[in-house]
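Structural overview
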Amino acid sequence: TIKKAIFIFVYLLTSITLIANNTLLYSKIIDKIIIEGPQSQPVLSAINAIPLSTTPESVLDPTLIQDDLKTLYATGYFSSINAQSTQEKDQHILHIICIENPNIQTLAIQTQSSFIQNKLQKSFKKFLNTPLNTPQLNDTKQTLITWFKKQGYSFFDIITMSFHKQSQTLHISATDGIIES
């Protein structure tokens, strides 16, 4: 039973130390927030437009940080995001590390109609040389489907839209069709 008592004492001492360290970490004031990774202008603009809940001079709150990471991820510009809190030269620094999606370098559009080909090319051209952003691509896709259907292309659809990482090519396949009266 003396071994059991020593084990319980060591366990309690370790638990109290871990709780104390976490309490100290989470009760610290954030002096500075550094967002690492984003390099392209559209991404930097999107980040600057987002009001983060975690700010310098606030207390480190894991729930707020998690919400901020979700908000940043929802922009569609990142493949991963995480946060790390460090103590550097009497400053508590929150590092938000973002891995930016690769840029779209080329478009490859497959359709039968040159009119539809040109319209898709013009509409998706704005994404060239910018990081892959699925929410924005889907918005453009839905806008185009609606527009073509209003123009009488009843069977128009963008059936596939995929990104090839190695070639940095956005592949778009569309069906076309118009019902004439």
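Structure's up top.
Residues numbered from 1 in each chain as written. Predicted model: local features only at pLDDT ≥ 70, side-chain atom pairs only at ≥ 80, totals over all residues. Heavy atoms only, no water.

Looking only at helices and strands, the protein has five helices and six strands in total. N-terminal to C-terminal, the α/β element order of the protein is α-β-α-α-β-β-β-α-α-β-β. Out of the 181 residues belonging to the protein, those deemed buried represent 32%. Put simply, 58% of the contacts in the protein that link residues at least 6 apart link residues at least 24 apart. Working note: accessible area of the protein is about 11700 Å², and carbon and sulfur atoms make up 56% of it. (Helix = DSSP H or I, 4+ residues; strand = E, 2+ residues; numbered from the N terminus. Buried < 20%, exposed > 50% of the residue type's maximum accessible area, 1.4 Å probe, protein only. Contact = heavy atoms within 4.5 Å. Areas by Shrake-Rupley, 256 points an atom, 1.4 Å probe, with all protein chains shown as cover.)

The backbone of Asp-90 sits at a positive phi, close to 60°, despite the residue not being glycine. Within the secondary structure, Asp-90 sits in the loop between strand E2 (78-88) and strand E3 (91-100). One non-glycine residue with positive phi stands out, namely Asn-129, at about 65°. Position of Asn-129 relative to the elements: it lies in the loop between helix H4 (114-124) and helix H5 (134-150). A relative accessible area of 52% places Asn-129 in the exposed class.

Core analysis: the largest hydrophobic core is formed by 19 residues, its most contacted members being Ile-104, Leu-120, Phe-124, Phe-156 and Ile-158. Secondary structure elements with two or more residues in this core: strand E4 (106-110), H4, H5, strand E5 (157-164) and strand E6 (169-175). Per element, the largest residue contribution to this core is four residues, and it comes from H5. Listed in part, the 15 residues of the second largest apolar core include Ile-47, Ile-50, Leu-60 and Leu-69. (Core = buried A, V, L, I, M, F, W, Y, C linked by side-chain atoms within 4.5 Å.)

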